[in-house]
Amino acid sequence: MPDVELGEKQPGTRRIAVLGEMLELGETGPQAHWDIGQEAGELGVDIVIAVGDQLAKQLALGAAHAGVDTAIVGDNETATQLLEKLLQPGDIVIVKGSRGGMRWQIVQALTGQPLTGILS
């Protein structure tokens, strides 16, 4: 994985990663998901919300192994509801997953802004 710089963490802020399954990885999928969870911990993510099924479970296990607080949810609606309960002022949230998982729905629900188009 390339080096990622998340910037200096400010006191009182949390980094929350909402990560969906990468369904196109085939046989390497379970290990790749575990690795991504582990990497989240190494990058200083405080909370990982894994969205999906078995691959999301591997992602969460990797993150937990790295010392990250984790949750596994089955769908975007549940992820949104959990975020609404967890979010505090100053939190930084990243949402990522396969396009087919439509994780943009989470961002749209939280911001109230339509995000259905592709940026050009």
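Residues numbered from 1 in each chain as written. Predicted model: local features only at pLDDT ≥ 70, side-chain atom pairs only at ≥ 80, totals over all residues. Heavy atoms only, no water.

Caption draft 1: Fine view of the nonpolar core. Of all hydrophobic cores here, the largest spans eleven residues; its members are Ala17, Leu19, Ala40, Val45, Val48, Ala50, Ala56, Leu59, Ala60, Ala63 and Val68. Of all the elements in the fold, those that place two or more residues in this core are β1 (15-20), β2 (47-51) and α2 (54-65). Broken down by element, the residue count for this core peaks at four residues, all from α2. With near-sequence residues (within four places) excluded, Val45 lies in contact with Arg15, Ala17, Ala40 and Val68. Counting nine residues, the second-largest nonpolar core is a separate cluster that includes Ile16, Val18, Ile47 and Val51. (Core = buried A, V, L, I, M, F, W, Y, C linked by side-chain atoms within 4.5 Å. Buried < 20%, exposed > 50% of the residue type's maximum accessible area, 1.4 Å probe, protein only. Helix = DSSP H or I, 4+ residues; strand = E, 2+ residues; numbered from the N terminus. Contact = heavy atoms within 4.5 Å.)

Caption draft 2: Representation of the environment of Gln105 within the structure. Among the structural elements, Gln105 can be located in helix α4 (residues 104-111). By relative accessible area, Gln105 is classed as partly exposed at 31%. In the structure, Gln105 is positioned 28 residues away from Glu77 in sequence and 8.2 Å away in space, judged by C-alpha atoms.

Caption draft 3: The pairing of β1, seen in detail. Of all the six residues making up β1, six are buried; the element is thus mostly covered by neighbouring parts of the structure. Burial along β1 is two-sided: the face carrying Arg15, Ala17 and Leu19 and the face carrying Ile16, Val18 and Gly20 are both buried. Summarising the sheet, β1 and strand β4 (residues 92-96) pair through five bridges and their orientation is parallel. Residue pairing in the sheet places Val18 in a bridge with Val95 of β4. Alignment of β1 against β2, held across five bridges, turns out to be parallel. Pairing of Val18 across the sheet is with Ile49, part of β2. (Pairing = 2+ DSSP bridges.)

Caption draft 4: Broad picture of helix α3 (residues 76-86). Listed as buried for α3 are Asn76, Ala79, Thr80 and Leu83. Down the axis of α3, the buried set is contained in an arc of 100°. They therefore lie on one face. Exposed residues on α3 whose side chains face more than 90 degrees from its buried face are Glu77 and Lys85. With a side-chain oxygen positioned 3.2 Å from the backbone nitrogen of Glu77, the residue opening α3 is Asp75. (Arc of directions from axis to C-beta. Polar contact = N/O pair within 3.5 Å; in protein donor to acceptor, adjacent residues only side chain to side chain.)

Caption draft 5: Structural context of a nonpolar patch on the surface. Together, Leu87, Val93 and Leu110 make up an exposed nonpolar region whose accessible area comes to about 190 Å². Secondary-structure assignment places Leu87 in the loop between α3 and β4. (Patch = residues over 30% accessible without salt bridge, like charges linked within 9 Å, V, L, I, M, F, W, Y side chains within 5 Å. Areas by Shrake-Rupley, 256 points an atom, 1.4 Å probe, with all protein chains shown as cover. Salt bridge = Lys/Arg side-chain N within 4 Å of Asp/Glu carboxyl O.)

Caption draft 6: Region of the structure containing the environment of Gly97. Among the structural elements, Gly97 can be located in the loop between β4 and α4. Taking the C-alpha atoms as reference, Gly97 lies 4.2 Å from Gly20; in sequence the two are 77 residues apart. Contacts of Gly97, omitting those with residues within four sequence positions, involve Gly20, Glu21 and Arg103.

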